[in-house]
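Read off the chains here:
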Amino acid sequence: MARFPVQAGGKTPKKGRSPWWWVHHWLGLKLAIFMTFVLATGTLATLSNEIDWLVDPAQRVMPRETPKASWGDWAAAVKAAEPEATLQYLVAPLEPWFAARVVIERPDGGLRIAYVDPWTSEVRGVHGWFNVNRFLRNTHRHLMMPVAVGVPIVGSMALVLLVSLITGLVTYKKFWRGFTRLPQWRKGRQGEARRFTGDLHRFVGLWSIWFLALIILTGLWYVVEVFGGRAPPEPKPQVVTGAAQPIGPELDALIARAQAVDPDLRISGVSFPGEKGRGVLVVGQARAILVRDRANAIWVDPRDGKVLLASRGEQMNLHQRISEAADPLHFGTFGGLSTRLIWFLFGLLVTGLSVTGVMIYSLRMARAQNETRPRHGLLRLWVSFGPAAYPALGLILISIALTPGAVVAAAGG
């Protein structure tokens, strides 16, 4: 069996520690840098739209009691502001204080987002497509690398979390008692910092089991999809050609046709047909739970208003429903801002597990006072990470280095 030399100076580990404990300890220490990065970017990604809202005044609007303008009005306002651009799709405001978003493509091929006041149809700004939301999502999902490369790398952390969860529970004797065992600081007690950190680590870990399980299952599912386990796509209608891009009342009439097919559909997005388009696509939420908006899709022919195809989330097979549930469960989007706030909170706690795990090791080594390890805490930790620290930092730096290229690509450069 492989050895896990965590004692300073290469000493033989103390007796009484099970192999499960050493596996848990070794994984938590050696992979801490990259694990913390993945968990932190995922946590921030749950509220990435809100972060964009904070940093970009164009996205902020004042809610009103009056009825909102129509989808057609939003499209017409953007077309007037950007006459040379092609409208790609419209997105309803996430919350009452958010602007509506209209993604456009300029003649140079660059994508932009126009932010529109949903009540007045005022175009508040036209900014780059690559924003905080896109940076965090792309970094967390595939490190800005090609999806086939980046997703398995990030997804492998789900397997590490699974092993850490199992080994942590196995080594925590009568762990169910720990749910009510609050960490307490006993001032003046020798080694209290290490004990308190350990108690906090176990307490947070226990209360985060449900969240860890969701992240592990969905993370592994993303890897399965990359390696060929993706669910079959929903059918699409025949290609529509020769249609002018509908805006204003024309677009509203098409959306009304789609709404008549499914009155329960809460429309969240409208897509325009491109060069090889298949009609105007209307998506949103209806009766099915834990599905992305695209699961409820109605296609309308912009030439005559005929409904080409309608698909509903509740009609999907089991494989498709599993695939559709991955994103809502991974990011907590299924319940709006309230569930995303819960996901953000537990994301912080789980990220903290990685940090406190390293702190426990650091405090243990500081207490050992072994001269073969550097006395300075940060240097001691760096040495303890071992060779695994270099590829971890390398992946993080690669992700950051690839970001400017992603920004230029989105801008059409």
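Residues numbered from 1 in each chain as written. Predicted model: local features only at pLDDT ≥ 70, side-chain atom pairs only at ≥ 80, totals over all residues. Heavy atoms only, no water.

Asks: Help me understand the packing of aromatic side chains, please; the structure alone is not making it clear to me.
Replies: The relative placement of two aromatic rings is captured by the distance of their centres and the angle of their planes. In this structure the tally under the stated criterion is twelve aromatic pairs. Here the aromatic rings of Trp185 and Phe196 are separated by 5.6 Å at their centres, their planes lie at 70°, and the arrangement is edge-to-face. One end of the pair, Trp185, is in the loop between helix 6 (147-171) and helix 7 (192-207); the other, Phe196, is in helix 7, and eleven residues separate them in sequence. Measuring from ring centre to ring centre gives 5.4 Å for Trp210 and Trp343, while their planes differ by 75°; the resulting arrangement is edge-to-face. Pair noted here: Trp210 is in helix 8 (residues 209-229) and Trp343 is in helix 11 (residues 337-368), with a separation of 133 residues, a long-range link. (Phe/Tyr/Trp six-rings, centres within 6.5 Å; stacked < 30°, edge-to-face > 60°. Helix = DSSP H or I, 4+ residues; strand = E, 2+ residues; numbered from the N terminus.)

Asks: Could you clarify how one ought to interpret the layout of surface pockets in this entry?
Replies: A water-sized probe, rolled over the atoms, reveals where empty space remains. Computed from the structure, the second largest pocket encloses a volume of approximately 1,200 Å³. Along the wall of the second largest pocket there are 48 residues; nearest its centre are His24, Gly168, Thr171, His201 and Arg202. Where the lining of the second largest pocket is concerned, the elements lending two or more residues are helix 1 (19-30), helix 2 (32-46), helix 6, helix 7 and helix 11. The element best represented in the lining of the second largest pocket is helix 7, accounting for nine residues. Residues that form the lining of the second largest pocket fall into these classes: 24 nonpolar, 15 polar and nine charged. (1 Å grid on protein atoms, 1.4 Å probe; cavity = no way out; pocket = protein on both sides within 12 Å on 5 of 7 lines; lining within 4 Å. Points joined across faces, edges and corners; volume = space filled by probe spheres on them. Nonpolar A, V, L, I, M, F, W, Y, C, P; charged D, E, K, R; others polar.)

Asks: Where do I start with the environment of Ala69 in this structure?
Replies: The residue Ala69 is located in the loop between helix 3 (48-55) and helix 4 (71-81) in this model. Each C-alpha atom, one on Ala69 and one on Trp119, is 5.1 Å from the other, the two residues being 50 residues apart in sequence.

Asks: Where do I start with the packing of helix 3 against helix 5 (residues 132-142) in this structure?
Replies: Any two packed helices are characterised by how steeply their axes cross, that is the angle between the axes, and by the distance between the axes. Look at helix 3 against helix 5: their axes get within 8 Å of each other, and the N-to-C directions meet at 150°. What the angle tells us is that helix 3 and helix 5 run roughly antiparallel. For the element pair helix 3 and helix 5, the recorded crossing hand is right-handed. Listed contacts from helix 5 to Ser48, Asn49, Ile51, Asp52 and Val55 of helix 3 are Val132, Asn133, Leu136 and Arg137. Classifying every residue of the contact of helix 3 with helix 5 gives four nonpolar, three polar and two charged. (Axes fitted to C-alpha atoms, helices over the stretch in contact; angles between N-to-C directions. Parallel < 35°, antiparallel > 145°, perpendicular 65-115°, else oblique. Left-handed = near helix turned anticlockwise from the far one by under 90°. Contact = heavy atoms within 4.5 Å.)

Asks: Before we go on, may I ask you to explain the nonpolar core in this structure?
Replies: Burial of nonpolar side chains together is a common tendency in soluble globular proteins. Core analysis: the biggest nonpolar cluster contains 35 residues, and Phe34, Leu143, Leu161 and Phe385 have the highest contact counts within it. Where this core is concerned, the elements lending two or more residues are helix 1, helix 2, helix 6, helix 8, helix 11, helix 12 (377-385) and helix 13 (389-410). Examining the composition of this core, we find that seven residues originate from one element, helix 2, more than from any other. When near neighbours in sequence (up to four residues on either side) are disregarded, Phe385 contacts Leu29, Lys30, Ala32, Ile33 and Val358. In this structure, Ile104, Leu251, Phe272 and Ile298 belong to the second largest nonpolar core, which totals 27 residues. (Core = buried A, V, L, I, M, F, W, Y, C linked by side-chain atoms within 4.5 Å. Buried < 20%, exposed > 50% of the residue type's maximum accessible area, 1.4 Å probe, protein only.)

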